[in-house]
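Observations on chain architecture
If you want the building blocks of each chain, they are given just below.
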Amino acid sequence: QVQLVESGGGLVQAGGSLRLSCAASGQTISSYGMGWFRQFPGKERVFVAGITSSGESTLYADSVKGRAIISRDNTKNTVYLQMNNLKPEDTAVYFCAAGSTGAVRTGNRALFGSWGQGTQVTVSS
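Residues numbered from 1 in each chain as written. Predicted model: local features only at pLDDT ≥ 70, side-chain atom pairs only at ≥ 80, totals over all residues. Heavy atoms only, no water.

1. Concerning the state of the cysteines
- This structure, assessed with the given rule, holds one disulfide.
- Between the sulfur of Cys22 and that of Cys96 lies a disulfide, 1.9 Å long from S to S. Because the sign of the S-S torsion sets the handedness, a value of about 50° for the bond joining Cys22 and Cys96 places this disulfide among the right-handed ones. Of this pair, Cys22 sits in strand β3 (residues 18-25) while Cys96 is found in strand β9 (residues 92-99), placing the two residues 74 residues apart along the sequence.
- Judged by relative accessible area, which is 1%, Cys22 ranks as buried. (Disulfide = S-S within 2.5 Å. Helix = DSSP H or I, 4+ residues; strand = E, 2+ residues; numbered from the N terminus. Buried < 20%, exposed > 50% of the residue type's maximum accessible area, 1.4 Å probe, protein only.)

Structure, rendered in structure tokens:
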């Protein structure tokens, strides 16, 4: 099973940017669809963005569309989430996950089998 470790979270002012990274080990992620989710306090994890195994297709939640860019570098076994124009409502713990192409195309959390431990993003107003 692939192990995932997120990094890049932190405290940022509203309007700022962050680039989250998800480094994989144990297996190559080149055959996995990859996704980013976030979890607000007391809530379930929700889909943020996904990218297919070769990077040819991406999917974004409406809440981040136009402000987020998901990308991957299979040679580095790493997935990224660039978040721009951050808002206080983006404050959450962000998780990356590995799944199938179907998982990415639907954003269905249940179809992602491997998860990282999460990284906190806090946006101050």
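Moving on from the model shown.
2. Regarding the pairing of strand β1 (residues 3-7)
- Covered by surrounding structure in β1 are Leu4 and Glu6 only, the residues Gln3, Val5 and Ser7 on the alternate face being uncovered.
- Judged from the five bridges that link them, β1 and β3 form a sheet pairing that is antiparallel. The residue bridging Glu6 from the neighbouring strand is Cys22, located in β3. (Pairing = 2+ DSSP bridges.)

3. Quick look at the nonpolar core
- Among the nonpolar cores identified, the biggest contains 29 residues, and Leu4, Met34, Trp36, Ile70, Leu81 and Tyr94 are the most heavily contacted of them.
- Where this core is concerned, the elements lending two or more residues are β3, β4 (33-39), β5 (46-51), β7 (68-73), β8 (78-83), β9 and β11 (119-124).
- Not counting the four nearest positions on each side in its chain, Ile70 is found in contact with Met34, Trp36, Ala49, Gly50, Ile51, Thr58, Tyr60, Val79, Tyr80 and Leu81.
- Phe37, Phe47, Ala103 and Phe112 belong to the second-largest nonpolar core, a separate cluster that totals six residues. (Core = buried A, V, L, I, M, F, W, Y, C linked by side-chain atoms within 4.5 Å. Contact = heavy atoms within 4.5 Å.)

4. A word on the pattern of salt bridges
- Counted according to the given criterion, the structure contains four salt bridges.
- Close ionic contact of Asp90 with Arg38 constitutes a salt bridge, the shortest N to O distance being 2.8 Å. Taken together, the positions of Asp90 in the loop between β8 and β9 and Arg38 in strand β4 put the pair 52 residues apart, joining distant regions of the chain.
- Judged by its relative accessible area of 0%, Asp90 is buried.
- Note that Arg67 and Asp90 form a salt bridge whose closest N and O atoms lie 2.7 Å from each other. (Salt bridge = Lys/Arg side-chain N within 4 Å of Asp/Glu carboxyl O.)

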